Amino acid sequence: MTKQVYKFGGSSLSSAKRYHAVANICQQLAYGDAIVVSAAGKTTDTLVRLWSCYHNQDHKGVGEVIALLKDHQCALVSELLGDKSEVYAHFIDDINAISQRAGCAELEQAWLLAHGELWSARLLAHYLNKQGVAATHFDSRKLFVVAQNNLKHQENTARCQALKSDQLNVVTGFIASDEVGNTVTLGRNGSDYSATLLGKYINASSVTIWTDTQGVYSTDPRKVEKAVKYNKISQQQAQQLARLGNPVLHAKTLTPLKDSDIKLVVRSSYDSHSDGTQVVANEQAKAKRFLTTLASVDVFQLTHNNKDSIRELSIILQHPLQPLEVEGNTLLLVPSQFGEQVASYYLQDAVLIESNVSGVAIVSEAGSESQLLESAKALLEKQSMTLRGAWSQNGFAILLGDQLLESDTLSLLHEELITAKQELAVIVAGIGNVGEVFLSQLNDQLARLNTLLPVKLVGLLRSSTSLLNGQGIELATASANFKNNAKASSPEQIIEFIKELDYGHKVVIDITASESFSKLYPEFALHDCHIISANKYAGTAELNWYENLRRLQTEKNLLWRYNTSVGAGLPINFALKDLQNSGDKITKISGVFSGTLSWLGANYSLDKKFSDLVEQARELGFTEPDPREDLSGRDVQRKLLILARELGLSLELDDIELSAWMPNELAEGSWQDALAKRELLDTFVEELALDAQREGNTLRYVAELDTTTSPITAKVGLKAVAPSAAVATLTPGDNIFVINSVWYADNALIIQGPGAGREVTAAGVHSDLYWLCHKLSE
Ligand code: ADP
Ligand code: ASP
Ligand code: MG
């Protein structure tokens, strides 16, 4: 059975709560799999501080840092296993050993730093045991041997056979040993590298790096709110990012995966259901754009271009170094902490030209780096940043100045250089009727959308067939293409297709009336897909499901538009949102929300039999094939629920009182069966109409929501209304929405017009799509 490697970074192990989440993920793994762990939280930073206090003979500092370490670890272990546990006692022994060595000047740096990972592995394995999962911890110094700065791959592969196939194997990241058993480290952030090395040694099928972001983003999502998560990035760009010091992947992570089929994925242990970012072969991902900050670097000019020396120096420093070829000179970018070591390595062969500068690097598709550099320069100068250096090279550009870039400047750069041109992939579901018109309108609309951002149609779906092409489907011939080439497809295949789409943005446009299709919305959201729906089912689904979907979309910054699910193209949802966003409070919404019921209401009179009118409407195509779907009022009930939820009300469908425009006896059997009992329908309507007439009123099928009553009034049914009322004077077939709010208290805001029809509904979907493109391009 193929094995998998999972690496949890410090950010995933920073507290007892995080350990718990990690253990939950581990519960799903198969025995034989390996888990590589980093030191918990910032433990390695603290150990580095301890080392520097020790090195500087700051005894007080040593004591203080040891106390800090103790507090953090003791709290973790106590909460997870208790302070009587074996792990707690072992930790206290370790801390005593560290103190003792520090006290008699026998501390060794790598040995000291190794403790962070040793503590994590031990704690996680025991915590898994406590949860009933068989797990053993391994000290990777027994698995990874390094000789003269080179890992002994053959020997290590043999050593890794020691991992157990009937347990989970929790392995320390970051550390290895030399040939005589002394501890060595693989460099800061080295656990990523440990994980891919282990993947290679045990011939794993995949390595998953679990961290605290949902994958690799266009820039640090903690600094830039609008950072875009990429589903796929190429190995080459991942490596470039790492060489520039970006923390999301360690620079050597990809080396062991060369010429192998091992999959590499970055995912979030904070949101284990989300897809992460796949790092794939260069030709399998489009080139992306990234911004990564550079903090405190020195720039050296080398007197010769000696690649071997740079390679050797990176090994010594355990840190990647980025050389730049500038007008025949080689410049070397080095974190300032290594400045002195670099100067003493090169001596007179390197001249320090900038010290302790900061800035930003842009990683991009080859060819656009110099233009990006110019734009970034102009923008940073406008922000009054004094530039100390700006260079571009194949696939990246670097700008350095005196200050670290703040989030706002980074966001500006990001907006101008990175997100402006993210492509949107469009999948249209439901291409009969409205869908067909939508597609033909899309052909004309595309030029307008493309001024906002590049839009590409990639999928057309019908109930059980689909035409899917990640490269894009030619719009002009899309319908014919679908007829000739659509294939049978399951929901799983569609989800897989959406998951794999390598686009900055994706949207599913649901023009179906399918409840089962609406059930896929959470999956779409999991795969970072926006949604536009004319379909009413998701908006009126059970509250718990609906709220979970909303939560997921909010967490992932995903947008959901559904303006056409109520009133087709009429801008009712827009109006409600707009009023609320401007500080108004909506108190009532009422009206006629169904074109069919509007037509029936306007055309019925006591000299007609209602069943004849219904038959006439059916023959004219104004009703559903079975008119009882209209007469039941269910559809109107759903529309009222969508609007109620738009106002922030947590209602279920059944909270809306519903009375049908027919007697209950007609609900059974087929429409033909119901017609056989048509006199029941006629009497039912006639009696109500007569009652209304006696009061000088007329009958309309009305939806009403009133938030000022207690409890809230929410109902749908026939109502006797004055003949002069707005709902009574309606053009047959039109919808009307009467909105009362604080601002529109006495004189209601009225939106009225055709609430159904292919053209207006398709146009309403386009309005949502335009809005989405506009939002995404902001
Ligand atoms: P771990 O502890 O899991 O190894 P790191 O702190 O080393 O995690 O790396 C993850 C951090 O990298 C994130 O919290 C994020 O702030 C930062 N980061 C910087 N650039 C990016 C980026 N482009 N995409 C994702 N994360 C990034
Ligand atoms: N704990 C080590 C560090 O902080 C290794 C790692 O986290 O990958 O650098
Ligand atoms: Mg890391």
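Here, residues in each chain are numbered from 1, in the same order as that chain's written sequence. Here the convention is simple: chains get letters from A, ligands get numbers from 1, in the order in which they are written. Restriction of local features to residues with pLDDT of at least 70 applies here, the model being predicted, together with a cutoff of 80 or more for giving and counting side-chain atom pairs; totals for whole chains, interfaces and linings are based on all residues. To obtain the side-chain values, all non-hydrogen atoms of the structure were included, while hydrogens and water were left out.

## Quick notes on the nonpolar core
Where a protein is soluble and globular, its nonpolar side chains tend to be buried together.
In step 1: For this analysis, a nonpolar core means a set of buried residues of the types Ala, Val, Leu, Ile, Met, Phe, Trp, Tyr and Cys, connected via side-chain atoms within 4.5 Å. Burial classes: relative accessible area under 20% of the type maximum marks a residue as buried, over 50% as exposed, and values in between as partly exposed (1.4 Å probe, protein chains only). Counting 76 residues, the largest nonpolar core has F524, L600 and F610 as the members making the most contacts within it.
In step 2: For this core, the element with the highest residue contribution is helix 23 (residues 634-646), accounting for six residues.
In step 3: Sequence-distant contacts of L600, that is, excluding residues within four places in its chain, are made with F610, L613, V614, A617, L631 and W661.
In step 4: Core analysis: the second largest hydrophobic core is formed by 68 residues, V228, L241, L380 and L405 among them. Each helix corresponds to a stretch of at least 4 residues labelled H or I by DSSP, and each strand to a stretch of at least 2 residues labelled E; elements are numbered beginning at the N terminus. Note on definitions: a residue-residue contact is assigned when non-hydrogen atoms from the two residues lie within 4.5 Å.

## Concerning the pairing of strand 20 (residues 455-461)
In step 1: The buried fraction of strand 20 is high, at six of seven residues.
In step 2: In the sheet, strand 20 pairs with strand 21 (residues 465-468) via three bridges, with the strands oriented antiparallel. Across the sheet, residue G459 finds its bridge partner in strand 21, namely L468.
In step 3: With antiparallel pairing between neighbouring strands as the criterion, strand 20 and strand 21 make up a hairpin whose turn holds three residues. Here the rule is simple: two strands pair whenever DSSP picks up at least two bridges between them.

## So, the UniProt feature "domain: Aspartate/glutamate/uridylate kinase" (unreviewed entry) in the protein
In step 1: UniProt positions are given in the numbering used here, feature names are shortened, and annotations may be inferred rather than shown by experiment. Feature annotation in UniProt assigns "domain: Aspartate/glutamate/uridylate kinase" (unreviewed entry) to the following positions: residues 4-268.
In step 2: Secondary structure content for residues 4-268 is 43% helix and 17% strand, and the end C-alpha separation is 17 Å.

## Focus: the pattern of salt bridges
For side chains of opposite charge, pairing can occur when their charged atoms come near one another.
In step 1: Salt bridge, as applied in this entry: a Lys or Arg side-chain nitrogen positioned within 4 Å of an Asp or Glu carboxyl oxygen. Per the counting criterion, the structure on display carries 32 salt bridges.
In step 2: Here R141 ties to D139 by a salt bridge, and the two come within 2.8 Å at their closest N and O atoms.
In step 3: Given the relative accessible area of 19%, D139 is considered buried.
In step 4: One salt-bridge network, held together by shared partners, links K152, E155, R159 and E179.

## Considering the side chain of S364
In step 1: Of note, S364 is situated in the loop between strand 16 (350-363) and helix 11 (369-382).
In step 2: For S364, a relative accessible area of 4% translates into the label buried.
In step 3: Ignoring sequence-local partners within four residues, the contact set of S364 consists of Q237, K288, R289, E369, L372 and G395.

## Points about the site of ligand 1
In step 1: When we say a residue is near a molecule or strand, we mean one of its heavy atoms is within 4 Å of it. In the vicinity of ligand 1 there are 19 residues, among which S11, T211, D212, Y217 and D220 approach most closely.
In step 2: Within 3.5 Å is the distance limit for a polar contact, defined as a pair of N or O atoms, with the added protein rule that one can donate a hydrogen and the other accept it, and that residues adjacent in sequence qualify only through two side-chain atoms. Between ligand 1 and T211 there is a distance of 2.7 Å, counted from an oxygen atom to a side-chain nitrogen or oxygen.
In step 3: Separating an oxygen atom of ligand 1 from a side-chain N or O atom of R222 is a distance of 2.9 Å.
In step 4: Considering ligand 1 on its own, with 570 Å² of exposed area, one finds that the protein chains cover 88% of that surface.
In step 5: Under the convention adopted here, Pro, Cys and the residues Ala, Val, Leu, Ile, Met, Phe, Trp and Tyr are nonpolar, Asp, Glu, Lys and Arg are charged, and Gly plus all remaining residues are polar. Its residues assigned to classes, the shell around ligand 1 shows six nonpolar, nine polar and four charged. Under the convention used here, a 1.4 Å probe and the Shrake-Rupley method define accessible areas, while residue burial counts only the protein chains that appear.

## Things to note about the sheet that holds strand 26 (residues 586-592)
To summarise the sheet geometry, strands pair through backbone hydrogen bonds and adopt either a parallel or an antiparallel arrangement.
In step 1: Reading across from one edge, 27-29-28-26-30-31 is the order of the six strands in this open sheet, with mixed pairing throughout. Each end of this open sheet is capped by a strand with a single partner; those strands are strand 27 (657-658) and strand 31 (749-754).
In step 2: Relative to strand 30 (residues 734-741), strand 26 runs antiparallel, the two being bridged by six bridges. The residue bridging S590 from the neighbouring strand is V738, located in strand 30.
In step 3: Lines fitted to C-alpha atoms define the axes, with helix axes restricted to the stretch in contact, and inter-axis angles between N-to-C directions lie between 0 and 180 degrees. Of the strands in this sheet, strand 28 (698-706) and strand 29 (713-721) are in contact with helix 25 (residues 678-694), which crosses strand 28 at around 85 degrees.

## Observations regarding the side chain of H250
In step 1: Position of H250 relative to the elements: it lies in the loop between helix 8 (235-243) and strand 11 (263-268).
In step 2: A relative accessible area of 8% means that H250 is categorised as buried.
In step 3: The residues contacting H250, other than those within four sequence positions of it, are L186, G187, R188, N189, G190, D192, Y193 and A242.

## Digging into the pairing of strand 29
In step 1: Here strand 27 pairs with strand 29 via two bridges, running parallel. Bridging across to strand 29, L658 finds its partner in V716.
In step 2: Hairpin geometry of strand 28 and strand 29 is characterised by an intervening segment of six residues between the two adjacent antiparallel strands.

## Here's the deal with unusual backbone geometry
In step 1: The omega angle of the peptide bond from S710 to P711 is -5 degrees, so this bond is cis rather than trans.
In step 2: With phi around 50 degrees, L347 is a residue other than glycine that occupies positive phi space.
In step 3: On the secondary structure map, L347 appears in the loop between helix 10 (339-346) and strand 16.
In step 4: Although it is not a glycine, D528 adopts a positive phi angle of roughly 65 degrees.
In step 5: Along the chain, the position of D528 falls in the loop between helix 17 (521-526) and strand 24 (529-533).
In step 6: What makes D528 buried here is its relative accessible area of 16%.

## Re helix 5 (residues 109-130)
In step 1: Expected helix span is given by 1.5 Å per residue-to-residue step, counting one fewer step than there are residues. With 22 residues, helix 5 ought to run about 32 Å at 1.5 Å a step, and its terminal C-alpha atoms sit 33 Å apart, in line with that.
In step 2: Approximately 30 degrees is the largest bend angle found in helix 5, and it occurs at H115.
In step 3: Within helix 5, 18 of the 22 residues are buried, leaving the element largely enclosed by the surrounding structure.
In step 4: One or two positions beyond helix 5, positive phi appears at G132, with a value near 85 degrees. Bend angle per residue: angle between axes fitted to the 7 residues ending at that residue and the 7 residues starting there.

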